[in-house]
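Here are the chains, one letter per residue:
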Amino acid sequence: KLADIHLKSGEILKGYKYISRAYSINPEAVEQSEIANILNYALEITSLERRAKKGNDKVLWNELGDSFFNMGVYNETINAYEKSLEIDKTQEEIALKLALSYKKDNQTYKAIEQLKLLISQNSENFYANYYLARIFRYSLGDEKLAKTYYLEAKELLEEQKDDFTSEQYSSFKYDIISELGK
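The following paragraphs examine the structure supplied in this document.

**What about helix α10 (residues 143-159)?**
Here comes step 1: Relative to the 24 Å expected for 17 residues at 1.5 Å per residue, α10 spans 24 Å between its end C-alpha atoms, a close match to the ideal helical length.
Here comes step 2: For α10, the full list of buried residues reads Ala 146, Tyr 149, Tyr 150, Ala 153, Leu 156 and Leu 157. The buried residues of α10 all sit within an arc of 130° when viewed along its axis, so they share a single face. Across from the buried face of α10, at angles greater than 90 degrees, the exposed residues are Lys 144 and Glu 159.
Here comes step 3: Close packing links the buried residues of α10 with α8 (108-121), α9 (126-138) and α11 (166-180).
Here comes step 4: Of the residues flanking the start of α10, the one acting as N-cap is Asp 142, its side-chain oxygen 3.3 Å from the backbone nitrogen of Lys 144.

**Remarks on the pattern of salt bridges**
A side chain with one charge can pair with a side chain of the opposite charge if their charged atoms come near.
Here comes step 1: Going through the model one piece at a time under the given rule, you end up with 12 salt bridges.
Here comes step 2: For Arg 134, the salt bridge goes to Glu 179, with nearest N and O atoms at 3.8 Å. Of this pair, Arg 134 sits in helix α9 while Glu 179 sits in helix α11, and the two are 45 residues apart along the sequence.
Here comes step 3: Classification of Arg 134 by relative accessible area gives partly exposed; the value is 27%.
Here comes step 4: Overall, the relative accessible area of 4% leaves Glu 179 in the buried class.
Here comes step 5: With its nearest N and O atoms 2.6 Å apart, the salt bridge here joins Arg 137 to Glu 143.
Here comes step 6: Note on Glu 143: relative accessible area 40%, which makes it partly exposed.

**Examining unusual backbone geometry**
Here comes step 1: A positive phi angle, near 45°, is found at Asn 56, a position not held by glycine.
Here comes step 2: Looking at where Asn 56 falls in the secondary structure, it is placed in the loop between α4 (39-55) and α5 (58-71).
Here comes step 3: Phi at Asn 106 takes a positive value of approximately 60°, unusual for a residue other than glycine.
Here comes step 4: Here Asn 106 is to be found in the loop between α7 (92-104) and α8.
Here comes step 5: By relative accessible area, which is 68% here, Asn 106 ends up exposed.

**Observations regarding α5**
Here comes step 1: Taking 1.5 Å per residue, 14 residues should reach 20 Å; α5 reaches 20 Å between its end C-alpha atoms and fits that length.
Here comes step 2: What α5 keeps buried is the set Leu 60, Trp 61, Asn 62, Leu 64, Gly 65, Ser 67 and Phe 68.
Here comes step 3: On the buried face of α5, the contacting elements are α2 (12-25), α4, α6 (74-87) and α7.
Here comes step 4: You can read the cap of α5 off the contacts: a side-chain oxygen lies 2.8 Å from the backbone nitrogen of Val 59, and it is on Asp 57.
Here comes step 5: At the exit of α5 stands Gly 72, carrying a positive phi of roughly 80°.

**Some thoughts on the environment of Gln 160**
Here comes step 1: Tracing the backbone through its elements, the reader meets Gln 160 in the loop between α10 and α11.
Here comes step 2: Assessed through its relative accessible area of 15%, Gln 160 is described here as buried.
Here comes step 3: Not counting residues within four places of it along the chain, the set of residues in contact with Gln 160 comprises Glu 124 and Phe 126.

What counts, and where the lines are drawn
Residues numbered from 1 in each chain as written. Predicted model: local features only at pLDDT ≥ 70, side-chain atom pairs only at ≥ 80, totals over all residues. Heavy atoms only, no water. Helix = DSSP H or I, 4+ residues; strand = E, 2+ residues; numbered from the N terminus. Expected span 1.5 Å × (residues − 1). Buried < 20%, exposed > 50% of the residue type's maximum accessible area, 1.4 Å probe, protein only. Arc of directions from axis to C-beta. Contact = heavy atoms within 4.5 Å. Polar contact = N/O pair within 3.5 Å; in protein donor to acceptor, adjacent residues only side chain to side chain. Salt bridge = Lys/Arg side-chain N within 4 Å of Asp/Glu carboxyl O.

Here's what the structure looks like:
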């Protein structure tokens, strides 16, 4: 029952921990309960978190963050990626995922701060510029800043063309040109 309360209130990891504990005490009861269909996943996630904490392992924190992101549980995603970046601040992809997680969790200003930090560390980060442009246009309605970041993203996309598949390149280019035409 406690696990169900936490799961319904969005405290997924806490709910999973209760499922895991209940299973270790009375496996049959959990297997026959309403939450049996998520039992394996709950056991896997709680084990992953335990191993990440024990080994202070950025790879495991990233895996946990990715799992939560794919489930749409952004508060847990943010927590995992922040722990990973505490271990190794040079993970550009994880820093970008953290920014996107902030945005998905309606923490727009934290997303902007994270994206600007990425750009300060690597001014040639296409994705940081692209997502900043989108946030400024669609979340804040700041057309001037959106245009600035779209122009920078367009320039970076052209310079880094070989880093993208032809499909990705075409899609981004089309999107940016469309956005600049608005």
